[in-house]
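Overview (structure and organization)
Chain by chain, the residues:
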Amino acid sequence: MCKQQYKSPLQQMAKTTLTDFWNDSCSISELQYALEYGAVGATTNPVIVKEVLKNEIDSYKDRIIELIHEFPTASEDDIVWKLNEEMAVAGAKLLFPIYERTKGQKGRISIQTNTKYYRNTDLMLEQALHFNNLAPNIQVKMPTTKASIKAYEEATYHGVSINGTVSFTVAQAIAVAEAVERGLKRREKEGKDTYMMHPICTIMVGRVDDWLKTVVERDGIILDPGCLEWAGVAVMKNAYKIFKEKGYRTQLLAAAYRNHHQWSEFIGGEMSLTIPAKWIKRFNASDISVVNRIDEPVNPIVINQLSKYIPDFNRAYQPNGMSIDEFDNYGAVSKTLLQFLGGYDELVTMIRGIMITPK
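Reference entry: report on the structure contained in this document.

Cut-offs and rules
- Counting from 1, residues in each chain are numbered in the order their sequence is written.
- Restriction of local features to residues with pLDDT of at least 70 applies here, the model being predicted, together with a cutoff of 80 or more for giving and counting side-chain atom pairs; totals for whole chains, interfaces and linings are based on all residues.
- Side-chain measures here rest on the full set of heavy atoms in the structure, leaving out hydrogens and waters.
- Strands are runs of DSSP state E lasting at least 2 residues, helices are runs of H or I lasting at least 4, and numbering of each runs from the N terminus.
- We compute the radius of gyration over the C-alpha atoms and compare it with the globule rule, which gives 2.2 Å times the number of residues raised to the power 0.38.
- Residue burial is assigned from relative accessible area. The probe radius is 1.4 Å, only protein chains are included, and a residue is buried under 20% of its type maximum, exposed over 50%, and partly exposed in between.
- Residue contacts follow a heavy-atom distance rule, with two residues in contact if any of their heavy atoms lie within 4.5 Å.
- By construction, the arc corresponds to the directions joining the helix axis to the C-beta atoms.
- Under the rule applied, a polar contact is a pair of N or O atoms within 3.5 Å (in protein, one hydrogen donor and one hydrogen acceptor; residues adjacent in sequence only if both atoms are side-chain atoms).
- Put simply, a salt bridge is a Lys or Arg side-chain nitrogen that is within 4 Å of an Asp or Glu carboxyl oxygen.
- Here a cavity denotes a set of grid points, spaced 1 Å apart and computed over the protein atoms alone, in which a 1.4 Å probe fits but from which it cannot get out, and a pocket denotes an open set meeting protein on both sides within 12 Å along at least five of seven lines; residues with an atom within 4 Å of a point are reported as lining.
- Grid points are joined across faces, edges and corners, and a volume is the space filled by probe spheres set on the points.
- Classification convention: Asp, Glu, Lys, Arg as charged; Ala, Val, Leu, Ile, Met, Phe, Trp, Tyr, Cys, Pro as nonpolar; all other residues, Gly among them, as polar.
- What counts as an axis is a line fitted to C-alpha atoms, over the stretch in contact for a helix, and the angles between N-to-C directions run from 0 to 180 degrees.
- Roughly parallel means an angle under 35 degrees; roughly antiparallel, over 145; roughly perpendicular, 65 to 115; everything else is oblique.
- Less than a right angle of anticlockwise turn of the near helix away from the far helix marks a crossing as left-handed, whereas a clockwise turn marks it as right-handed.
- Residues grouped as a nonpolar core are buried Ala, Val, Leu, Ile, Met, Phe, Trp, Tyr and Cys residues, joined through side-chain atoms within 4.5 Å.

Before going further, it helps to spend a moment on the overall build of the protein. Each helix and strand counted, the protein has 15 helices and eight strands in total. Relative to the globule expectation of 21 Å for 359 residues, the C-alpha radius of gyration of the protein, 20 Å, shows essentially globular dimensions. The dimensions of the protein, computed from C-alpha atoms along their principal axes, are 60 × 50 × 50 Å. Here the protein holds 359 residues, and 58% of them are scored as buried. When contacts within the protein are restricted to residue pairs at least 6 apart in sequence, long-range pairs at least 24 apart make up 72% of them.

Another point: helix α6 (residues 121-131). Those residues of α6 that fall on the buried side of the exposure criterion are Met124, Leu125, Gln127, Ala128 and Phe131. Projected down its long axis, α6 carries its buried residues within an arc of 170°, all on one side. In α6, the exposed residues that point more than 90 degrees away from the buried face are Asp122 and Glu126. Elements in contact with the buried residues of α6: α5 (76-101), β3 (108-112), β4 (138-143) and α7 (146-157). For α6, the N-terminal cap is Asn120; the gap from its side-chain oxygen to the backbone nitrogen of Asp122 is 3.0 Å.

The subject of this paragraph is the pattern of salt bridges. Summed over the entire model, instances satisfying the criterion amount to 24 salt bridges. Measuring nitrogen to oxygen at the nearest pair gives 2.9 Å for the salt bridge that ties Glu51 to Lys50. Looking at Glu51, the relative accessible area reads 29%, which means it is partly exposed. For Arg258, the salt bridge identified is with Asp210, shortest N-O distance 2.7 Å. One end of the pair, Arg258, is in the loop between β7 (251-255) and α11 (261-264); the other, Asp210, is in helix α9 (residues 205-219), and 48 residues separate them in sequence. A relative accessible area of 24% means that Asp210 is categorised as partly exposed. What emerges from the salt-bridge pattern is a single network uniting Lys150, Glu153, Glu154, Arg182 and Arg186.

What follows is about the environment of Ala90. Structurally, the position occupied by Ala90 is in helix α5. A residue is classified by how much of its surface remains accessible, and Ala90, at 31% relative accessible area, is partly exposed. Residues Ala90 and Ser27, spaced 63 residues apart in sequence, show a C-alpha to C-alpha distance of 9.3 Å.

One simple way to see leftover space: roll a probe sized like a water molecule over the atoms. Summed over all chains, the structure comprises one cavity of 30 Å³ or more. Each pocket or cavity is described by its volume, and for the largest cavity that value is around 60 Å³. As for the largest cavity, its lining consists of Asp20, Trp22, Val40, Gly41, Gln105, Lys106, Gly107, Arg108, Gln139, His198, Gln251 and Ser272. Partitioning the lining of the largest cavity into residue classes produces two nonpolar, seven polar and three charged.

What follows is about the environment of Val47. Inspection of the secondary structure assignment puts Val47 in helix α3 (residues 46-55). Residues Val47 and Met142, 95 residues apart in the sequence, show an inter-C-alpha distance of 14 Å. In this view, Val47 contacts Gln339, Phe340 and Gly343; residues no more than four positions away in its chain are not counted.

With that out of the way, let us pick up the side chain of Ser110. For Ser110, the position within the fold is in strand β3. In this structure Ser110 touches Trp22, Ala42, Thr43, Thr44, Gln139, Lys141 and Asn163, once residues within four positions along its chain are discounted.

Before going further, it helps to examine the packing of helix α4 (residues 57-70) against α5. Between α4 and α5, whose axes approach to 10 Å, the crossing angle comes to 130°. Taken together, the axes of α4 and α5 lie oblique to each other. By crossing handedness, the relation of α4 to α5 is classed as right-handed. Contact residues: α4 offers Tyr60, Arg63, Ile64, Leu67 and Ile68, while α5 offers Ile79, Lys82, Leu83, Glu86 and Met87. Split by residue class, the contact of α4 with α5 holds seven nonpolar, no polar and three charged.

One finds Phe21, Leu273, Ile310 and Phe313 to be the most contacted residues of the largest nonpolar core, which totals 123 residues. It is helix α8 (residues 170-189) that provides the largest number of residues to this core, a total of ten residues. For Leu273, the residues in contact, after removing those within four places along its chain, are Met13, Thr19, Asp20, Phe21, Trp22, Leu253, Ala254, Tyr257, Trp263 and Phe266.

Right, dumping it as structure tokens:
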């Protein structure tokens, strides 16, 4: 089919390549738009939920007040999680036909465990198992910290399709995939099915760039202009190559968009891209050609400069760049956890305001 027969480049990609895309939000209106162009998933996190509520408060305020009355002894945190769960379930309903058609391999919405649990395997696992019962096509996100690696294995063993998020490095992605494989093998050894499961590992490619730009500014490093726009792409491509070589059953997911390379360079890959609504619209309106670029290496000059001058790039790019014990203190992990915790605090503050002064 010729290019003119597609509504947009994203739709062309969705229909003609192995590369899927998601709507990086639980906003129903944004998800409906994305579905028109071939989206097959959606996602949430504390910052996303806060932004959806902030932008669409008129659609949610009455329901929040109802929840406050329905649960008269609930804390503001309790109401936050009930609302979060309802948002995820609403998105899951829209995506369920895709989930059914693809036998669980697409059509899921991710809901993220409480960021405050990032150090506690048991609490993350308990919430993951709870979320898994909200809808058949729920995907449970946990931040890829030291404590979550065991949680990924245990959740997978219990039949949860996990999404390892807050990940910026090849080492984190490998640790997620290895934990999932252990969980899947334990299920299979006991005769439990795995065919409907679809584990994911997110690499937040734009946030890789963000962190390295912070390092360069902090340390006064000079690089050729443009090098830092390719760091996250390089990390993702290296992880993708390793995942294919090792045959991991976890699929990679690219997140955190800052430029079109973080979409166009992954076209053709058997992966998913979770794209914010504003970038979906930009990509839809672009004239970027939909051609297979996943196997095209990042310019070695760029890789050499990043490797030579920025140790944190090597920690992200090399498969043995970090040990599991080092995950929590990697700069991009710390920065993102703080942002997610801050977003959660803002979300609680919004609910508190409605709870105390509902009118």
